[in-house]
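# A structural walkthrough
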Amino acid sequence: MSSQRVRLGVLVSGSGSNLQALLDACAREDFPAEVACVVSNVPTAFALERARKAGVTAKVVDHKAHAAKADFEKALLDTLRAANVEWVCLAGFMRLLSADFLGHYAGRVLNIHPSLLPAFPGLHAQRQALERGVKVAGCTVHFVDAGTDTGPIIAQAAVPVMPDDDEKALSSRILAEEHRLYPLAVRLAVTGKVTLDAARTRVEARATAGELALRNPGATVESA
Ligand code: GRF
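Because the structure is a prediction, the values reported are computed rather than measured.

### With respect to the site of the ligand
As a matter of local geometry, the ligand sits amid Ser15, Gly16, Ser17, Asn18, Gly92, Ile112, His113, Pro114, Leu175 and Glu178. Here an oxygen atom of the ligand sits 2.8 Å away from a polar atom, N or O, in the main chain of Asn18. Its free accessible area being 370 Å², the ligand has 81% of it covered by the protein chains. Of the pockets mapped on this structure, the ligand occupies the largest pocket. At the level of elements, helix 1 (17-26), strand 5 (109-113) and helix 6 (167-190) are the ones that each hand at least two residues to the shell around the ligand. Its residues assigned to classes, the shell around the ligand shows three nonpolar, six polar and one charged.

And the structure:
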């Protein structure tokens, strides 16, 4: 099975707990993808340690070492291509990618964001949610376009906002859902169950329990 798995490149900048969720999912025999390469734009990112520990190629492409964004993206692209990456997952990657870069992986770049988009795009989404006083927060996996967290939505999971929540408490409740949602969304996307329909996505109607749980986050997730 492993030779048929879709090769993922995971782009990171920080702790990499979502990377870890993807690595853990890929360790399962029935998961349709493998992490071929992890690339960080931050040399000290803990995510690099996670990749090495999992025996996955870990590379640094430091944006600060490149005078122009186009040069940085060229280095990124070269690194992904050298690892024969087919799909790209952004997992806490803190750089915006240009339309030019995205064109090389058209319809095959995913991101996870800690809000129920289109609410609260950009930085500090959880803080924005608390400041706005919403009662339900959550996370979103979406296709990446050249905007900030604007691409077509694939899957979302919701969590309650509790009266005494601070940013840390809400972030950690959302993060637990992120770790569940990202592998499920990747599985749907790379197996062709998610298709683009203009600005929206269409997810194949026949669904496993795990897929149904994406649309009904309150449901118990059995095996995917
Ligand atoms: C996550 O909340 C993700 O949604 C956001 O950045 C954070 C990254 O966390 N884009 P980690 O590096 O995966 O632990």
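### A word on the environment of Thr140
Note on placement: Thr140 falls in strand 6 (residues 136-143). Between the alpha carbons of Thr140 and Pro114 there is a distance of 6.5 Å; along the sequence they are 26 residues apart. Ignoring anything within four residues of it in the chain, the contact list for Thr140 reads Asn111, Ile112, His113, Ser115, Leu116, Leu117, Ile153, Ala155, Gln156 and Leu181. At 3.1 Å, the side chain of Thr140 forms a polar contact with the backbone nitrogen of Leu117.

### Describing the pattern of salt bridges
Scanning all chains against the criterion turns up eight salt bridges. Where Arg52 meets Glu49, a salt bridge forms, and the shortest distance between an N and an O atom there is 3.1 Å. With Arg52 and Glu49 both in helix 2 (residues 46-53) and three residues apart, this pair spans about one turn of that helix.

Cut-offs and rules
Residues numbered from 1 in each chain as written. Predicted model: local features only at pLDDT ≥ 70, side-chain atom pairs only at ≥ 80, totals over all residues. Heavy atoms only, no water. Near = heavy atom within 4 Å. Polar contact = N/O pair within 3.5 Å; in protein donor to acceptor, adjacent residues only side chain to side chain. Areas by Shrake-Rupley, 256 points an atom, 1.4 Å probe, with all protein chains shown as cover. 1 Å grid on protein atoms, 1.4 Å probe; cavity = no way out; pocket = protein on both sides within 12 Å on 5 of 7 lines; lining within 4 Å. Sits in = over half its atoms within 2 Å of the grid points. Helix = DSSP H or I, 4+ residues; strand = E, 2+ residues; numbered from the N terminus. Nonpolar A, V, L, I, M, F, W, Y, C, P; charged D, E, K, R; others polar. Contact = heavy atoms within 4.5 Å. Salt bridge = Lys/Arg side-chain N within 4 Å of Asp/Glu carboxyl O.

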